[in-house]
Amino acid sequence: MPDEWMVRVDGHEYGPVDAETLQEWKNEGRLIPANEVQKVGDERWFPASQLPEVFAAPGPSEPPDLIARRRTWPEIVRETVRIYRLGFWRFMLFGLLTAVPMYVLQSAFPKIPLQELLSGSAPTSVTLPPVCYLMLAVLIFTWPVSTAAFQFVADDILHARPRTIAGQFSAALQRCGRVLGTGLLVYFSYFFWFFIPLTVMIGLLAAGISVLSLLLYLLIGAFMVYMNARLFINFLFWEQTASLGEEGPLLALRESKELARCAPEAPRLERPLYRGAVVASVWLLVLLFLTMAVQFPFVLVRMSGVENPEQAAALVQSLSQAKAPDGLTIASEIAAAVINLVVRPLLAAAFIVLYYDARARYSRTT
């Protein structure tokens, strides 16, 4: 009967397992030379590095990549928090590249009163001030740089790579064109499979409601949801493959699709596509909760003098007809922008961990 072993890590014991399992744990990065092991039936604990069948003398081949390995959910959470904490100020710096022009663009964009929208008397064309065009051009340039820089900050922390902010910015600039091209393909696909079915659905409603049109409406709506869900899965890791890879946009999207759909035999919550969906959903809920929480005090101040529904309706109408936002509106918009700036890096940190988890699972299936 082969020998069986116990492993002790931070006071917790795992096993008994055979030497082959220990070798698998070592390849996945779950067992390192400093961990203590004990032969079943023996009382002596000693470093795993003294097991020649597991930690043989290094040969000429490269050491295994301990970053691209399978991870448990607690490991994903811990590494996400660690990346976010260590890279916080760099994330904030690179996040400002898009947060500032986006805020200026939203603030300068002409406001159309709500009453005109509801009545259908809104102008068919809107004259944009020059600052809107300027901020849009700035945003088109800074968005791919910011996206790539987020990936490099997270990846450098995960690999313990001592790269300066200038080095990360330079690397992001080199990937700017690739990220922009890939992003355009991604968002054009979303736009196409959302706008075209939505246009058909609106046309069906405009033609009159019948049993057949209602059935077609529901079928087209279900098809739109299905297509966008497929796109979400296929594009799950596009930011990582476009920023960290060496291939062009189409091959980056192909790699993203293969990573997202790998390990179909694994339990659901261990498959990359389910993990990505769970992480993205939790992140969105956190963002919505924090946004509502930070907006709540402004709403209370705004509604302090309102005593009945008529006064509330009058307040909403006056705000919608205002040509320029007041101080309270500006403060609430800034608060919402800050929340988005602070929460956005959490998604980048989590997905860089999921990216390497998916790479490890993909390598096992090819």
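The preceding data block contains the structure.
Residues numbered from 1 in each chain as written. Predicted model: local features only at pLDDT ≥ 70, side-chain atom pairs only at ≥ 80, totals over all residues. Heavy atoms only, no water.

1. Section: unusual backbone geometry
Step number 1: Residue Ala-160 is not a glycine yet carries a positive backbone phi of 55°.
Step number 2: Among the structural elements, Ala-160 can be located in the loop between α5 (130–158) and α6 (165–174). (Helix = DSSP H or I, 4+ residues; strand = E, 2+ residues; numbered from the N terminus.)

2. So, the pattern of salt bridges
Step number 1: One pass over the full model with this rule turns up twelve salt bridges.
Step number 2: For the salt bridge of Glu-36 with Arg-8, the shortest nitrogen-to-oxygen distance reads 2.8 Å. Placement of the pair is Glu-36 in strand β3 (residues 36–39) and Arg-8 in strand β1 (residues 4–9), with a sequence separation of 28 residues.
Step number 3: Residue class for Glu-36 comes out partly exposed when judged on its relative accessible area of 29%.
Step number 4: Looking at Arg-8, the relative accessible area reads 25%, which means it is partly exposed.
Step number 5: Between Arg-175 and Glu-246 there is a salt bridge whose closest N-O contact spans 2.8 Å. Residue Arg-175 is found in the loop between α6 and α7 (176–206), and its partner Glu-246 is found in the loop between α9 (238–244) and α10 (249–260); the two are separated by 71 residues along the sequence.
Step number 6: Owing to a relative accessible area of 13%, Arg-175 belongs among the buried residues under this scheme. (Salt bridge = Lys/Arg side-chain N within 4 Å of Asp/Glu carboxyl O. Buried < 20%, exposed > 50% of the residue type's maximum accessible area, 1.4 Å probe, protein only.)

3. Quick notes on the packing of aromatic side chains
Step number 1: In this structure the tally under the stated criterion is 16 aromatic pairs.
Step number 2: Ring geometry for Trp-5 against Phe-46: centres 6.1 Å apart, planes inclined by 85°, an arrangement best described as edge-to-face. With a gap of 41 residues between them, Trp-5 in strand β1 and Phe-46 in strand β4 (residues 46–47) connect regions that are remote in the sequence. Per residue, the accessibility class of Trp-5 equals that of Phe-46, and both read buried.
Step number 3: With centroids separated by 6.0 Å and ring planes inclined at 65°, the aromatic side chains of Trp-143 and Tyr-187 adopt a geometry described as edge-to-face. (Phe/Tyr/Trp six-rings, centres within 6.5 Å; stacked < 30°, edge-to-face > 60°.)

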